[in-house]
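Residue strings, one per chain:
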Protein chains: 2
Amino acid sequence: MTQTIRPPRGEARARLLAAARDLVRHKGFAATSVDDLCAAAGVTKGAFFHHFPTKEALGVALVEDWTVTTSAMFAAHDYNRAADPLDRVFAYLDLRRAILNQSVADFSCVAGTTVQEVFETSALIRTAAGQSVQSGADHVRPHLAEALARHPVPGVTADSLAMQFQVATQGGIILAKAANDPTPAREAFDHLERYLRLLFQRPA
Amino acid sequence: MTQTIRPPRGEARARLLAAARDLVRHKGFAATSVDDLCAAAGVTKGAFFHHFPTKEALGVALVEDWTVTTSAMFAAHDYNRAADPLDRVFAYLDLRRAILNQSVADFSCVAGTTVQEVFETSALIRTAAGQSVQSGADHVRPHLAEALARHPVPGVTADSLAMQFQVATQGGIILAKAANDPTPAREAFDHLERYLRLLFQRPA
């Protein structure tokens, strides 16, 4: 979703997190060994264990770093500045579709991939991933709350509706991976937009 | 989604596939070693490699077996027998919600979990997972085609709409894993039902 920028040599922790982001996107968390991480980051195993007592600790830091960097990226984006709250939500969907114009690995979700694997074997990483999903819903939750305040929809809350953006994102990524094609991920956002336009009676 | 039934001793291949289904659901594909599989299935490594030349071959067979058994389960279900095609689709959503009344591992998707990890590292497993996702969409595609023939919706095809059931299923599973709670998976189906009722002008 965001480009991996290599920090200068010497910043071993940041290099390890950048390498982890890249490796997890391409082959998953379990398949990424500490040796792989050290080789990709150009650091020694000693440096790894200086920064992270375990691979699990690296996993927690990876997901937390993912949450912080993606949150900052979305919070700074222009879609948040439209006057009308639903226009902000539709502009966010345009952004999500634009993000799909790269390789599947590059629009995959570090938190979603990792929690898919470790939800039962690492409560610490699962908790970090749960916070990441909530943080993803934050990209649109306030805009949806404002839209619902103007146009209430019985039975629909901003919380629950915001989570559907995460459903479309995560489900779309899996379908894109299985199809080796971003089209199903794009269509998930198209259907979500059509749903919102029906809910809020705002035709395209 | 379906219960793991242990075949009698001696059927090593079936025992390995049952063990793989169980292990992949609990800890993912990469974290499941050949040793884990042999121990869980109660078979020797020799028996493993007699049936599967590589772990990847086991992965392909696992996903293909998953497709066959889940397809048979859904095809035989009563939801397919309602007179009205949309009633069939809503009954299918009731079934999907009922499936969530068990542990997260037990309603997780073997194909979705595996492809999340290996989409780039195993084209063979990815292809099998792509077929599994298509097969999942088949649970509702004919019913949606019939509903759309009676009530066309501009810009909406049965194919694309059927894939939204897979988006809700796969996305819902990831959110449930991250939250350690099936509620977000249930809400994904609730929103999908609301969307369909709006599209087809069929209030609850």
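Everything discussed here concerns the structure shown above.
Summarised in this report is the structure supplied together with it. What you see is a predicted model; the values in this text were computed from it and never measured.

1. Some points on the relation of the copies chain A and chain B
- For these two chains of identical sequence, chain A goes onto chain B by a turn of 180° and a shift of 0.0 Å along the axis, with RMSD 0.0 Å. Here the two chains are linked by the operation of a two-fold rotation axis. Across chain A, the rotation axis passes nearest the C-alpha of Gly171 of chain A, at a separation of 1.9 Å.

2. So, the interface of chain A and chain B
- Contact residues are listed per partner, giving 40 residues for chain A and 40 residues for chain B.
- The leading source of residues in the side of chain A that touches chain B is helix H10 (residues 158-179) of chain A, at 14 residues.
- Residue classes in the side of chain A that touches chain B are distributed as 19 nonpolar, 15 polar and six charged.

3. With respect to unusual backbone geometry
All names here are of chain B.
- Of note in the backbone geometry, Asn180 takes a positive phi value of approximately 55° without being a glycine.
- One non-glycine residue, Gln201, lies in the positive phi region at around 50°.
- If you trace the backbone, Gln201 turns up in the segment after helix H11 (183-199).
- Its 9 C-beta neighbours within 10 Å are what place Gln201 among the exposed residues.

4. Notes on the packing of helix H1 (residues 12-27) of chain A against helix H4 (residues 55-75) of chain A
All names here are of chain A.
- Contact geometry for H1 and H4: axes closest at 10 Å, N-to-C directions at 85°. By the criterion of interaxial angle, the relationship of H1 to H4 is roughly perpendicular. Each of Leu16, Leu17, Ala20, Arg21 and Val24 in H1 lies in contact with H4, whose residues at this interface are Leu58, Ala61, Leu62, Asp65 and Trp66.
- When its residues are assigned to classes, the contact of H1 with H4 shows eight nonpolar, no polar and two charged.

About the cut-offs
Residues numbered from 1 in each chain as written. Chains lettered and ligands numbered in written order. Predicted model: local features only at pLDDT ≥ 70, side-chain atom pairs only at ≥ 80, totals over all residues. Least-squares fit on C-alpha atoms with pLDDT ≥ 70 in both. Contact = placed C-beta atoms within 7 Å. Helix = DSSP H or I, 4+ residues; strand = E, 2+ residues; numbered from the N terminus. Nonpolar A, V, L, I, M, F, W, Y, C, P; charged D, E, K, R; others polar. Buried ≥ 20, exposed ≤ 12 C-beta atoms within 10 Å, placed from the backbone. Axes fitted to C-alpha atoms, helices over the stretch in contact; angles between N-to-C directions. Parallel < 35°, antiparallel > 145°, perpendicular 65-115°, else oblique.

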